Amino acid sequence: MTPRPVRIELRGFRGWTEGAFELDRDLTVIVGPNGCGKSSAVNALEWCLFGRDAELKASGIDERADWEVAHLDERGVAGDVEVRLALETGEGTARLVRRRPAGAKPRDEDDFSVELPDESVLRGVEAVQWMGAAGLPEWGTWRRALCQHQETARARLTASGDRSTLLASLLGLETHESAREVLEGCKPGALVKEIDEEVGALERDLLARLARPAEEQEECERGLAALDLERERLRPTLALELARGLLERARALGAELGFAPELPDCESEHELPRVADWVARWPERAREAARVDARLRRASGLRAKLDAADQAVGPAEERWRQARDRAAGEVRARGDVATQERLLSEARKARDEAEAALRRDDAARALVRDAREVLRHAHDPEACPVCAARAPGLAARLEAELAAGGEQRHAALEDDCGERGARVEELERGLRATRELVQAEADARASLDRAHGALSEFLPAGHAASGRDPLAAARAELERLERDVRDLERGRRVLDDALRAHHADAERLRAVQRWREAVLRAERSADPTSSPAWRELQAALDAAAAFAADLEALGGMAREAQERASEEREREVNERLGDHYGRITGDEGAAGVRVRGKRTPKGLTFDLEDARGKRVLATLNQAALNSVSLALLLAQAEERARAGRAAFVVLDEPGQSLDDEHQAGLARAIEHLAAICPVIVATPPGALAERLVEGREPSRRVLKLAPRDPGEPRRGARIESREER
Amino acid sequence: MREVDEVIEELERRVRERGVRVEERVALLRLLACDEAREQLDERRRKLIEGVRRAAATLRGELA
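Per chain, residues are indexed from 1 in the order of the written sequence. Going through the entries in the order they are written, you letter the chains from A and number the ligands from 1. Two thresholds apply to this predicted model, a pLDDT of at least 70 for residue-level local features and 80 or more for giving and counting side-chain atom pairs, whereas whole-chain, interface and lining totals are computed over all residues.

(A) Geometry of the overall build of chain A. In terms of regular secondary structure, chain A is built from 19 helices and 14 strands. A burial count over chain A gives 32% of its 725 residues as buried. Taking the intrachain contacts of chain A between residues at least 6 apart in sequence as the baseline, contacts between residues at least 24 apart amount to 72%. Each helix corresponds to a stretch of at least 4 residues labelled H or I by DSSP, and each strand to a stretch of at least 2 residues labelled E; elements are numbered beginning at the N terminus. Each residue is classed by its C-beta neighbour count within 10 Å, where at least 20 other C-beta atoms makes it buried, 12 or fewer makes it exposed, and intermediate counts make it partly exposed; the C-beta atoms are placed from backbone geometry. By the convention adopted here, residues are in contact when the distance between their C-beta atoms, placed from the backbone, does not exceed 7 Å.

(B) Inspection of the sheet that holds strand 13 (residues 700-705) of chain A at higher detail. Residues and elements named next belong to chain A. For two strands to be treated as a pair, DSSP must find at least two bridges joining them. Sheet architecture is open: six strands sit in the order 8-11-12-3-13-14, paired in mixed fashion. Of all strands in the sheet, those bounded by a partner on one side alone are strand 8 (147-148) and strand 14 (719-724). In terms of strand pairing, strand 3 (residues 27-31) meets strand 12 (residues 679-683) through five bridges, oriented parallel. Residue pairing across strands places Val31 opposite Thr683, the latter belonging to strand 12. Every axis in this analysis is a line fitted to C-alpha atoms, fitted for helices over the stretch in contact. Angles between the N-to-C directions lie between 0 and 180 degrees. Most of the contacts of helix 18 (residues 660-674) go to strand 12, to which it runs at about 155°, and overall it touches strand 3, strand 11 (649-652) and strand 12.

(C) Representation of the sheet that holds strand 7 (residues 121-123) of chain A. All names here are of chain A. With antiparallel pairing, the six strands of this open sheet are ordered in space as 2-1-4-5-6-7. At either margin of the open sheet sits one strand with a lone partner, and together these are strand 2 (18-22) and strand 7. Across the sheet, the mean angle from the axis of one strand to that of its neighbour is 15°, orientation sign disregarded. In this structure, strand 1 (residues 4-11) lies alongside strand 2, joined through five bridges in antiparallel fashion. Each bridged residue has a counterpart across the sheet, and for Arg7 the counterpart in strand 2 is Glu22. Running over the sheet, helix 1 (residues 38-50) touches strand 1, strand 4 (81-89) and strand 5 (92-100) and is turned about 85° from strand 4. Contacts from helix 2 (residues 124-133) reach strand 6 (111-115) and strand 7, with the element oriented near 105° to strand 7.

(D) Looking closely at helix 6 (residues 174-185) of chain A. Residue and element names in this part refer to chain A. With 12 residues, helix 6 ought to run about 16 Å at 1.5 Å a step, and its terminal C-alpha atoms sit 16 Å apart, in line with that. Where burial is concerned, most of helix 6 is hidden: nine out of the 12 residues are buried. Among the residues of helix 6, Glu174, Thr175, His176, Glu177, Ser178, Ala179, Arg180, Val182 and Leu183 are the ones counted as buried. Positive phi shows up at Lys187, right after helix 6, with a value of about 55°. Expected span of a helix, by definition, is 1.5 Å for each gap between consecutive residues, and there is one gap fewer than residues.

(E) Examining the interface of chain B and chain A more closely. Listed per partner, the contact involves 31 residues of chain B and 34 residues of chain A. Counting only elements with at least two residues in the side of chain B that touches chain A, the list comes to helix 1 (3-18), helix 2 (22-31) and helix 3 (37-63) of chain B. The greatest single-element share of the side of chain B that touches chain A, amounting to 18 residues, is contributed by helix 3 of chain B. Amino acids outside the nonpolar list (Ala, Val, Leu, Ile, Met, Phe, Trp, Tyr, Cys, Pro) and the charged list (Asp, Glu, Lys, Arg) are all regarded as polar, and Gly is one of them. Residues that form the side of chain B that touches chain A fall into these classes: 16 nonpolar, two polar and 13 charged.

(F) Quick peek at the confidence of the model for chain B. Summing up the model confidence of chain B, the mean pLDDT is 88 and the portion of residues at 70 or higher is 95%. As a predicted assembly, this complex carries a pTM of 0.52 together with an ipTM value of 0.96. pLDDT expresses how confident the predictor is about each individual residue, on a scale running from 0 to 100.

(G) Representation of the nonpolar core in the model. Residue and element names in this part refer to chain A. We define the nonpolar core as any set of buried residues of the types Ala, Val, Leu, Ile, Met, Phe, Trp, Tyr and Cys, connected via C-beta atoms lying within 7 Å of each other. Of all hydrophobic cores here, the largest spans 83 residues; its most connected members are Val649, Ile670 and Val679. When residues in this core are grouped by element, the largest group, nine residues, is from helix 17 (residues 622-642). For Ile670, the residues in contact, after removing those within four places along its chain, are Leu27, Val679, Val681 and Leu692. Core analysis: the next-biggest nonpolar cluster, separate from the first, contains 39 residues, Ala239, Leu253, Leu272 and Trp320 among them.

(H) A look at unusual backbone geometry. Residue and element names in this part refer to chain A. For the peptide bond that leads from Glu697 to Pro698, omega is -10°, which places it in the cis range. One can find Pro698 in the loop between helix 19 (687-694) and strand 13. Although it is not a glycine, Asp228 sits at a positive phi angle of roughly 65°. Note on Asp228: 9 C-beta atoms within 10 Å, which makes it exposed.

Structure, rendered in structure tokens:
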């Protein structure tokens, strides 16, 4: 059993503050004047089912761009919204509950749940999945086939794409159409074209490259001729032979220069890339391993230093010999330092004694002169002025003493003193000169010792212990270094020559390898199909082409299936559409309008035409357009219901633009459909309402809504009466 | 049975009647039951043409 709505409860939804009403199994008629809440009542049902899909731009209904779901109170403030829709199912009554709290943001999810007959509750994705499994429609199907919104009564017919989709839906071909669109939307034809373009570009490239390898080979052969490798000498193994020659020469060079080089294997052509790498690095490695330059620099430096030290020894020795001879001559002339020191000491002592004798004589003479002066002024020149003792002739004796020889003795003492002082000075000068020469000889000796020491530093270890003359040893060492330098210079020439030859050989090897690769490319390009990449390309092309062919074939089959289904169903559906249209217009005998499929390059499109096969929409008036739109909707709903798919129809003011006669006809069509599936109609008082309210078959519930109170515009919708027939 | 399954079944019957690349085409048809059928087919198409371009580039490289 497909779900059928049986009751709706709403709170805070658009025109309603609160309300609840039962829905009839056949027909529910909601009647009331404008603004009393009729549309809000039917909108609440679809909002409960579809939530935000039925709102604002997502709805696809332009008039809903500014839709406000919540009821606004006296202050214009929105509150919580809740709609509960009870559905009768095979297992019992299930309830869909949608809640939206006041202040919810446009992207906030509603609180949506399904209360199942067994009292379990599903929420979120599970709840939506339950709806799909129960056969409840999606928003698109609802809009197109089950609900007539008064805002879009005719819009479905005016856009050709929508109309074709609508008519395909009427024929039950939506899924065929969708499957065909998915298959053809992948554009298999364009895929084949892309593959063709890729293959074409590849072919152009290949043709251009087929000619290139032969030219490249000839150019390589010209280059090899310039390197003394004539064409007749060229052979596949030449690169291998050249590489082995290079390795052999490297080994010989190592042996000559005293090192063992690390060489790569060279048994087959596969090893040539490694050999080529070694060839490129060999000059640097050979120089590193031979160390000729470093050794030559060291030997040359040592030789220069030893030579300089050797040159310094001779002059130092000469300076020492001269100093030694001068010191020896001085000693021979004056005696050694100790003798001179002794003589100087004795001379100083004699000088000191002579000076003392002179001082004593000076004192005695002064005393005599003093005494003569005293006596010269005394009363008694015969008596001592001090003790008064008598000394006859004292004054005369003093004069005689002064006059007789005192001066001569004093002069002799002074001469003696001067001679002895001169002797001391002479001895002091001699001693200083001797000491200076002895010191000069010692300094020269020390300088000579340092020169020998410097020389020893450059001599081999153990030289000192050998007792050999350092100078001779140095000379021998210098000779050895000279030999080393000569050998190393020769080794450097050998290395340079070998590496020059290596560079030339390496260039030949590279040229031969390039030639060999050119030959192989020429061989390959002559037959690209032997390449693994060719086979890979063929496999990729086959896979892509097969995919395109599969899509093309399946798209064709989908189109065939759609056309066959269309042909099968057109007559039956047209009959049903004609019935509804005839009922609404009162012209039940006329064929009126019918759906006709038309094959186009893009697929099967559908349109409406009259009995003569002409498109009818351009010639229909507003009432006829509404009649066709309603007939299509009713026919679609009937199709779904008869196919066992969930169907209940909601019509919001379907009588627009219809005169009383058409409204009566519409009432007949609605009653016809209500006998097949539940129908809910919201309509203002009028011919349609009267007919639907008065009718007896099928069963119906009539809900009359009270007019809005102009004094309380925010009060909300109210149910004035309920009637069940 | 869902409508899409019915359509797939009908198309599969036609594929089997033709008897050409039945297995591959039935596998493609089964994709139609997925919500992301279009995206999956587009992805497969993209990979196939990429495979062709890659193989062509490899061949060009080998012959270069």
